[in-house]
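Descriptive analysis of the structure
Residue strings, one per chain:
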Amino acid sequence: MSESCNQNCSSCSEDCEERKEQKIDFSEKLNQMSSVKKVIGVISGKGGVGKSLVTSILAVIMNRMGYHTAILDADVTGPSIPKAFGIKGKAEGNEFGLFPVKSKTGIDIMSVNLLLENDTDPVVWRGPIIAGTVKQFWTDVIWGDVDFMFIDMPPGTGDVPLTVFQSIAVDGIIVVTSPQELVSMIVSKAVKMAEMMNIPIIGLVENMSYFTCPDNGKDYHIFGDSHIEEIAEKHRLKVLAKLPIDPKISAACDKGMIELFDENWFDSVAKILSEGIEGKEIE
Ligand SMILES: Nc1ncnc2c1ncn2[C@@H]1O[C@H](COP(=O)(O)OP(=O)(O)OP(=O)(O)O)[C@@H](O)[C@H]1O
């Protein structure tokens, strides 16, 4: 029995000897006109820590490396991906399904904001409807041949992310944290959820880790000292990147120009992901 066992066999995908109930398969089938090689879920313990930013930058980098890249924006109540990419158009469909909208550099994106008449309309839906929408982004969208799909998950480790993980075949998870959070607790929850789902955690990204003063070049830890290395070691996880607070980044998101991102913050993640798709399994 796993250390994280919550005695609820129906929501657990582990094959353990003490299983009391049959494993229920909640997985949904991808649209028959789509094929997706690797699906990476980007999660966070709470909203506003930069999950959408990390999802967007990862997609930009992998797309730049020549991989056909897609973003499934599962953050249905706070969809910020289309804005970061400056997408104004709406998604269209035909009798076979919905088509994602292409960004300026060719990243395929589906988000609830591409379906709403006004992107300022709030999405005041209950959990099952939200989870159902995300499932439809998997089953009803014609994604074509995708190398990497990044999923901007709903914040937290509650009902909606759980349903999404049960329905979509996710290959690996990246956890985004910020220094001021109760990082230890959040990472533990994410690790337990990943264990229950049998999905490997690729590693941790600490966002808003420090700020480099442009006047004196010194680094300031605005949100306090980082403990990410100790926490990563405790759970035997990798720290993939520590991102600074950079006003250029928020400006790029606000102006819809995240595709102009040109820092090397994610080089190690890009290497892990590209090795994963070349046949070496994501560890
Ligand atoms: N390192 C950073 N430097 C500057 N601004 C940042 C940084 N990270 C995130 N931001 C800004 O903070 C805001 C929140 O980021 P983002 O939308 O990525 O968070 P989130 O975790 O996805 O939030 P939610 O879960 O509510 O959607 C955005 O305006 C983003 O541009």
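Before any of the text, the structure's been laid out above.
Residues numbered from 1 in each chain as written. Predicted model: local features only at pLDDT ≥ 70, side-chain atom pairs only at ≥ 80, totals over all residues. Heavy atoms only, no water.

**A word on the sheet that holds strand β7 (residues 145-152)**
- Pairing is mixed in the open sheet, where eight strands are placed in the order β5-β6-β2-β7-β1-β8-β9-β12. This sheet does not close on itself; its edge strands, each paired only once, are β5 (101-102) and β12 (239-242).
- Judged from the seven bridges that link them, strand β1 (residues 35-44) and β7 form a sheet pairing that is parallel. Looking at β7, one finds that K38 is bridged to F148. (Pairing = 2+ DSSP bridges. Helix = DSSP H or I, 4+ residues; strand = E, 2+ residues; numbered from the N terminus.)

**A few points about the site of the ligand**
- The local shell around the ligand holds 18 residues, among which S52, L53, D75, N207 and P244 are the closest.
- Between K51 and the ligand, the recorded distance is 2.9 Å, taken from a backbone N or O atom to an oxygen atom.
- A distance of 2.9 Å separates a nitrogen atom of the ligand from a polar backbone atom of D246.
- Calculation on the ligand without its partners gives an accessible area of 630 Å², and the protein chains cover 78% of this total.
- For the shell around the ligand, the secondary-structure elements that each account for two or more residues are α1 (51-64) and α7 (247-254).
- For the shell around the ligand, the class distribution of residues is seven nonpolar, eight polar and three charged. (Near = heavy atom within 4 Å. Polar contact = N/O pair within 3.5 Å; in protein donor to acceptor, adjacent residues only side chain to side chain. Areas by Shrake-Rupley, 256 points an atom, 1.4 Å probe, with all protein chains shown as cover. Nonpolar A, V, L, I, M, F, W, Y, C, P; charged D, E, K, R; others polar.)

**Focus on helix α4 (residues 159-167)**
- For α4, the buried fraction is high: seven of the nine residues fall into the buried class.
- Looking at the buried positions of α4, the neighbouring elements they touch are β1, α3 (127-139), β8 (172-177) and α5 (183-197). (Buried < 20%, exposed > 50% of the residue type's maximum accessible area, 1.4 Å probe, protein only. Contact = heavy atoms within 4.5 Å.)

**What about the packing of aromatic side chains?**
- What the rule picks out here adds up to three aromatic pairs.
- Aromatic pair F261 and W265: ring centres 5.4 Å apart, planes at 65°, arrangement edge-to-face. Across this residue pair, the class does not change: F261 and W265 are buried.
- Cluster of aromatic residues (ring-pair linked, three or more members): Y67, F148 and F150. (Phe/Tyr/Trp six-rings, centres within 6.5 Å; stacked < 30°, edge-to-face > 60°.)

**Considering the packing of α3 against α4**
- Running from N to C, α3 and α4 cross one another at 30°; their axes reach a closest spacing of 9 Å. With respect to each other, α3 and α4 are oriented roughly parallel. The hand of the α3/α4 crossing is right-handed. Residues G127, I130, A131, V134, K135 and W138 of α3 pack against V160, T163, V164 and S167 of α4. (Axes fitted to C-alpha atoms, helices over the stretch in contact; angles between N-to-C directions. Parallel < 35°, antiparallel > 145°, perpendicular 65-115°, else oblique. Left-handed = near helix turned anticlockwise from the far one by under 90°.)

**Some thoughts on the pairing of β8**
- In terms of burial, β8 is a largely internal element, six of the six residues being buried.
- The alternating pattern of β8 places G172, I174 and V176 and I173, V175 and T177 on opposite faces, both of which are buried.
- Pairing analysis gives five bridges linking β1 to β8, with the strands arranged parallel. Its bridge partner being in β8, I43 is matched across the sheet by V175.
- Relative to strand β9 (residues 201-206), β8 is paired through five bridges, and the arrangement is parallel. Across the sheet, V175 pairs through a bridge with L204, a residue of β9.

**Quick look at unusual backbone geometry**
- At N198, a residue that is not glycine, the phi angle is positive and equals roughly 60°.
- Mapped onto the elements, N198 comes out in the loop between α5 and β9.
- Of note, R236 is a non-glycine position whose phi angle comes to about 55°, a positive value.

**A short note on the environment of F85**
- When you line up the elements, F85 lands in the loop between α2 (81-84) and β3 (92-94).
- On the accessibility criterion, F85 (1% relative accessible area) is buried.
- Through-space distance from the C-alpha of F85 to that of I109 is 9.4 Å; in sequence the pair is 24 residues apart.
- Contact partners of F85, with chain neighbours within four places excluded, come to S56, V60, I71, S103, K104, I107, I109, G256, I258 and E259.

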